[in-house]
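Chain by chain, the residues run as shown.
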2 protein chains.
Amino acid sequence: MLVTKETLTRRERLRAELITEIKRAARRRLTESGAGELSLRGIARDVGMSPASIYTYFKGLDEVVTGLIVDSFEAQASAIRSASAGQGSIKERLKRATWAYRVWAHDSPQEFRLLYESPIAGYRAPEGGPTVDAAIAVMSPFMELLREASATGQIPPPPPGPPIDTGATAPRLDGGIDSDWLRLGIEIWSQFHGFVSLELNGHIPPGSALDDVYDHLIDNIVSRLGFTD
Amino acid sequence: MLVTKETLTRRERLRAELITEIKRAARRRLTESGAGELSLRGIARDVGMSPASIYTYFKGLDEVVTGLIVDSFEAQASAIRSASAGQGSIKERLKRATWAYRVWAHDSPQEFRLLYESPIAGYRAPEGGPTVDAAIAVMSPFMELLREASATGQIPPPPPGPPIDTGATAPRLDGGIDSDWLRLGIEIWSQFHGFVSLELNGHIPPGSALDDVYDHLIDNIVSRLGFTD
DNA sequence: ACAATATCCAAACGGTGTTCGCATAGCAAC
DNA sequence: GTTGCTATGCGAACACCGTTTGGATATTGT
């Protein structure tokens with residue numbers, strides 16, 4: 001027991017393991033059965049403990065949900081970063097990033113709902129805004145590509161328009177961000193997010209080749225940026 | 001009682017009144033307290049009857065929710081139709097219609113969520129697709145304006161692209177619809193719906209003049225249509 | 001007046017999140 | 001090694017939820 005001071009004690013280790021197991025059970029319920037089955041008592045059954053014992057590790061169901069949200073944001077951000085980071089021109093990397101956004105939504109529809117809609121009845125996000133940080137991580141790769149394209153002179157700066165408050169996001173993006181660029185990013189984001197959102201909720205005629213339609217949409221968006229190619 | 005064959009009988013009148021009162025109480029709960037407070041027992045308390053009696057008028061909570069959805073779709077469609085119908089050029093009417101979409105969402109955020117997200121846990125839309133008809137009523141004014149602008153030669157036809165299955169919506173739009181025009185409409189819809197959706201869920205930096213940003217977005221969309229003005 | 005139907009409700013069943021009190025196990029200091 | 005402190009676990013309870021059942025009551029058509 002000489003190492004107990006440096007490493008985790010036995011109880012702390014068990015505690016960490018149980019926390020991840022609870023979150024894993026919660027995520028399994030969300031993905032396999034939807035937000036309606038994401039219940040604290042159900043999670044307790046899955047991990048084989050009493051409902052009351054969950055409160056030893058989480059303040060309540062809301063805190064479990066917050067953990068799921070943060071992890072999901074990071075998962076989508078990671079997928080987008082991977083798609084954005086590979087070889088190819090910035091235009092190609094940008095297209096891949098927008099595709100990663102949609103592919104992740106299709107692979108994880110329940111998580112996508114959790115991030116961008118409000119499928120859990122009484123849930124309130126916590127004060128500190130840990131979910132905000134995680135959400136910005138999704139947006140970042142797109143802003144980085146725009147910045148890189150701008151810095152290398154591949155696309156012209158956007159025409160000036162109404163200002164966006166960069167105060168909330170700028171400190172969390174490397175090197176800050178210009179208002180016009182941020183607004184351009186939001187406009188682009190609006191477009192492909194809107195398509196994915198409508199699609200996911202069944203508002204776009206099914207049976208169509210929606211992959212091709214999305215590709216067409218992305219082509220339009222990217223070509224409007226005015227790449228010098 | 002000679003008129004009973006033509007008019008409604010006393011019971012039928014009371015029944016109709018009670019149905020609207022139940023729906024009104026449900027809508028009040030939704031708008032004032034959110035989807036989480038939209039409970040059958042709560043509605044029963046509000047209208048002063050037992051929970052079991054609600055089942056005399058609705059098959060269950062889902063049927064009440066379906067009624068709310070249909071009415072809400074019609075409310076938004078009505079707002080958009082009004083905005084679209086007034087004086088001015090087609091370009092101006094189109095801008096007003098997109099603004100009506102957003103204004104309605106801001107005035108009725110809970111209803112907007114009900115229509116375009118899935119805030120109620122186990123809800124399943126009914127078979128016959130009455131909600132689909134109502135949803136198309138929202139899309140129709142936009143498609144009508146595009147058709148009118150096209151027929152009068154004010155905007156060029158969209159370049160051909162991947163086909164959209166018009167089978168589901170064409171029979172419900174007067175005179176059918178061309179695949180390329182429908183796809184254009186969906187692309188436009190995606191853009192302003194995406195903005196409203198992100199905005200409503202707190203994903204766009206607050207404190208900004210989002211009205212101006214939306215106006216800028218709409219200007220971009222409309223100018224891209226190539227109005228001859 | 002009578003039979004059929006519609007309405008209403010109390011009670012119950014199984015589900016939910018959360019709180020409380022108490023028992024037990026792990027651990028740190030003496 | 002024993003003693004105290006703290007963390008963990010759980011059963012029971014409370015107040016909700018949607019839904020079903022059975023029986024009582026009121027309205028209707030004949």
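In this text the structure is predicted, and so the values were computed from the model without any measurement.

This model, assessed by the stated rule, comprises three cavities of 30 Å³ or more. For the lining of the largest cavity, the secondary structure elements donating two or more residues are helix H7 (130–151) and helix H8 (179–200) of chain B. Classifying every residue of the lining of the largest cavity by side-chain character gives eight nonpolar, one polar and no charged. Estimates place the volume of the second largest cavity at around 50 Å³. Surrounding the second largest cavity, A:Leu94, A:Phe142, A:Met143, A:Leu146, A:Gly185, A:Ile188, A:Trp189 and A:Phe192 form its lining. Elements supplying a minimum of two residues to the lining of the second largest cavity: helix H7 (130–151) and helix H8 (179–200) of chain A. When residues of the lining of the second largest cavity are assigned to their parent elements, the largest contribution, four residues, is made by H8(A).

The next subject is the domain arrangement of chain A. Residues and elements named next belong to chain A. Parsing chain A into structural domains produces domain 1 (1–58) and domain 2 (67–224). Each partner contributes residues to the interface: domain 1 has eight residues there, and domain 2 has nine residues. Where domain 1 abuts domain 2, roughly 780 Å² becomes buried across the two surfaces, and 66% of that area is made up of carbon and sulfur atoms. Of all residues in domain 1, Lys23, Arg27 and Leu30 give up the largest surface area on contact with domain 2, accounting jointly for 59% of the area buried on that side. If you look at where domain 1 meets domain 2, you find two salt bridges. Between the two partners, domain 1 and domain 2, sit four residue pairs in polar contact (both at pLDDT 80 or more). A per-class count over the side of domain 1 that touches domain 2 returns four nonpolar, two polar and two charged.

Close to DNA strand C lie 22 residues, the nearest being A:Leu40, A:Arg41, A:Tyr55, B:Arg15 and B:Tyr57. Within 4 Å of the protein, the contacting atoms of DNA strand C are 68% sugar and phosphate, with bases supplying the remainder. A distance of 3.2 Å separates a phosphate oxygen of DNA strand C from a polar atom in the side chain of A:Ser39. At 3.1 Å, a side-chain N or O of B:Ser53 approaches a phosphate oxygen of DNA strand C. Within the surface near DNA strand C, the residues separate by chemical class into nine nonpolar, six polar and seven charged.

In this section: the pattern of salt bridges. Any two side chains of opposite charge can pair if their charged atoms end up close together. Under the criterion given, the structure shown has 28 salt bridges over all chains. Between A:Asp71 and A:Lys23 there is a salt bridge, with its nearest N and O atoms 3.3 Å apart. Taken together, the residues A:Asp71 in helix H4 (residues 61–85) and A:Lys23 in helix H1 (residues 10–33) connect sequence positions 48 residues apart. Overall, the relative accessible area of 22% leaves A:Lys23 in the partly exposed class. A salt bridge links B:Arg27 to B:Glu111, with the nearest nitrogen and oxygen atoms 3.4 Å apart. Taken as a pair, B:Arg27 in helix H1 (residues 10–33) and B:Glu111 in helix H6 (residues 109–116) lie far apart in primary sequence, 84 residues in all. A relative accessible area of 21% means that B:Arg27 is categorised as partly exposed. Sharing partners across several salt bridges, the network here consists of A:Arg102, A:Glu199 and A:Asp211.

Turning our attention to the environment of B:Leu94. The topology assignment puts B:Leu94 in helix H5 (residues 90–107). Not counting residues up to four positions away in its chain, the partners in contact with B:Leu94 are B:Phe142, B:Leu145, B:Val222, B:Leu225 and B:Phe227.

Our focus in this paragraph is the relation of the copies chain A and chain B. Turning chain A through 180° and shifting it by 0.0 Å along the axis lays it on chain B, with an RMSD of 0.1 Å. Taken together, the turn and the small shift mark the pair as related by a two-fold rotation axis.

Let us look at helix H9 (residues 210–224) of chain A. With 15 residues, H9(A) extends 21 Å from end C-alpha to end C-alpha; this agrees with the ideal 21 Å at 1.5 Å per step. Next to the buried residues of H9(A) lie helix H5 (90–107) and H8 of chain A together with H8 of chain B. In the segment just after H9(A), A:Gly226 is the residue with positive phi, at about 75°.

Reading the values: rules and limits
Residues numbered from 1 in each chain as written. Chains lettered and ligands numbered in written order. Predicted model: local features only at pLDDT ≥ 70, side-chain atom pairs only at ≥ 80, totals over all residues. Heavy atoms only, no water. 1 Å grid on protein atoms, 1.4 Å probe; cavity = no way out; pocket = protein on both sides within 12 Å on 5 of 7 lines; lining within 4 Å. Points joined across faces, edges and corners; volume = space filled by probe spheres on them. Helix = DSSP H or I, 4+ residues; strand = E, 2+ residues; numbered from the N terminus. Nonpolar A, V, L, I, M, F, W, Y, C, P; charged D, E, K, R; others polar. Domains from an automatic or database assignment. Contact = heavy atoms within 4.5 Å. Buried area = accessible area lost by both parts, 1.4 Å probe. Salt bridge = Lys/Arg side-chain N within 4 Å of Asp/Glu carboxyl O. Polar contact = N/O pair within 3.5 Å; in protein donor to acceptor, adjacent residues only side chain to side chain. Near = heavy atom within 4 Å. Buried < 20%, exposed > 50% of the residue type's maximum accessible area, 1.4 Å probe, protein only. Least-squares fit on C-alpha atoms with pLDDT ≥ 70 in both. Expected span 1.5 Å × (residues − 1).

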